[in-house]
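# Remarks on the overall topology
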Amino acid sequence: MRIFLDTANISEIRQGIKLGVVTGVTTNPSLVAKEGLTDYKAVVKQICSIVLGSVSAEVVVNETEAMIKQAREIAAWAPNVVVKIPSTNQGLEVISVLAKDNIKVNMTLCFTFNQALLGALAGAFYVSPFVGRLDDIGNDGIVLVKDIVDAYKKYDLKTEVLAASIRHPEHCAAAAKAGAHIATVPYQVLMQMMQHPLTDIGVARFLADWERALR
Ligand code: G3P
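Not measured: the values here are computed from a predicted model.

## Some thoughts on the site of the ligand
Residues in contact with the ligand, as listed here, are Asp6, Asn28, Phe130, Arg133, Ala164, Ser165, Arg167 and Thr184. Asp6 is positioned with one of its side-chain polar atoms (N or O) 2.6 Å from an oxygen atom of the ligand. Side-chain polar atom of Arg167 to an oxygen atom of the ligand: 2.8 Å apart, as the coordinates give it. Taken by itself the ligand offers 310 Å² of open surface, and the protein chains cover 81% of this. Residue composition of the shell around the ligand, grouped by class: 2 nonpolar, 3 polar and 3 charged.

## Considering the packing of helix H6 (residues 113-122) against helix H8 (residues 141-154)
Close contact between H6 and H8 brings their axes to 10 Å; oriented N to C, the two are set at 35°. For the pair H6 and H8, the sense of crossing is right-handed. Contact residues: Phe113, Ala116, Leu117 and Ala120 in H6; Leu144, Asp147, Ile148, Ala151 and Tyr152 in H8. Partitioning the contact of H6 with H8 into residue classes produces 8 nonpolar, no polar and 1 charged.

## Re the environment of Asp136
Among the structural elements, Asp136 can be located in helix H7 (residues 131-136). Put simply, Asp136 and Thr38 are 98 residues apart on the chain and 29 Å apart in space, counted from C-alpha to C-alpha. In terms of polar contacts, Asp136 uses its side chain to reach the side chain of Arg167, at 3.0 Å.

## A word on the pairing of strand S2 (residues 22-26)
In terms of residue burial, S2 counts as a mostly covered element, since 4 of its 5 residues are buried. Pairing geometry for strand S1 (residues 2-6) and S2, over 4 bridges, is parallel. Residue pairing for S2: Phe4 is matched across the bridge by Gly24. With respect to chirality, the unit in which S1 leads through helix H1 (residues 10-18) into the neighbouring parallel S2 is right-handed.

## Topic: the pattern of salt bridges
Taken as a whole, this structure holds 8 salt bridges when the rule is applied. Notably, a salt bridge pairs Glu160 with Arg2, separated by 3.1 Å at the nearest N-O pair. One end of the pair, Glu160, is in strand S7 (residues 160-163); the other, Arg2, is in strand S1, with 158 residues separating them in the sequence. A relative accessible area of 17% places Glu160 in the buried class. In this structure, Lys146 engages Asp150 in a salt bridge whose closest nitrogen and oxygen atoms are separated by 2.9 Å. In this pair, Lys146 and Asp150 are both assigned in helix H8, 4 residues apart and thus about one turn of the helix distant.

## A short note on the environment of Val161
Relative to the helices and strands, Val161 is located in strand S7. Residue class for Val161 comes out buried when judged on its relative accessible area of 0%. For the pair Val161 and His181, spaced 20 residues apart in the sequence, the C-alpha separation amounts to 5.4 Å. Those residues in contact with Val161 that sit more than four places away from it in its chain are Val127, Pro129, Val145, Ile148, Val149, Tyr152, Ala180, His181 and Ile182.

Parameters at a glance
- Residues numbered from 1 in each chain as written.
- Predicted model: local features only at pLDDT ≥ 70, side-chain atom pairs only at ≥ 80, totals over all residues.
- Heavy atoms only, no water.
- Near = heavy atom within 4 Å.
- Polar contact = N/O pair within 3.5 Å; in protein donor to acceptor, adjacent residues only side chain to side chain.
- Areas by Shrake-Rupley, 256 points an atom, 1.4 Å probe, with all protein chains shown as cover.
- Nonpolar A, V, L, I, M, F, W, Y, C, P; charged D, E, K, R; others polar.
- Axes fitted to C-alpha atoms, helices over the stretch in contact; angles between N-to-C directions.
- Helix = DSSP H or I, 4+ residues; strand = E, 2+ residues; numbered from the N terminus.
- Left-handed = near helix turned anticlockwise from the far one by under 90°.
- Contact = heavy atoms within 4.5 Å.
- Buried < 20%, exposed > 50% of the residue type's maximum accessible area, 1.4 Å probe, protein only.
- Pairing = 2+ DSSP bridges.
- Right-handed = clockwise from strand over helix to strand, strands pointing away.
- Salt bridge = Lys/Arg side-chain N within 4 Å of Asp/Glu carboxyl O.

Structure, rendered in structure tokens:
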């Protein structure tokens, strides 16, 4: 499973890349607003220039023709941009139009198996089940990830499953075990994934023993 960062924060992206494990980025209007950034196009283009892999950027209109127009504009911002389209009936039509023109789409805000199935049939490049938001309403987001992965394998659908709305390290581990192709994680979760108190205690003990006995 690959790891993407779910952020619009440039220093977090640079740091994630330095660690050698982040290969892509996902953003959304909420994440851009959180950083206090106002020039959406400039932010996405800057992220695309830093990241080698794909950068998902969301359309910010709702109507079919407007989405198609805006998606085409966003797709022209950089060669590695992937356009995020919501899992709606209008979105489905948009995805099938864009897929025919080889524009890569990340179908976002996916909460059901049927949405994921239709998104893949329409030609989405990624489908993003929102794990944390499903857990929030008492569903099991990871079960959805696994169901989608299994169905795509069974029917030989090439769409990749991008586990999103990842809230903690255990979500990420579970997404990997469920067979997700990618998990997009907030920077803080990425940091937590490598942490364990016994590792810290072990390092401190080795260093103390080195100072006491061996140096
Ligand atoms: O990747 C989608 C993500 O940004 C949503 O996360 O925590 O707002 O559900 P969250």
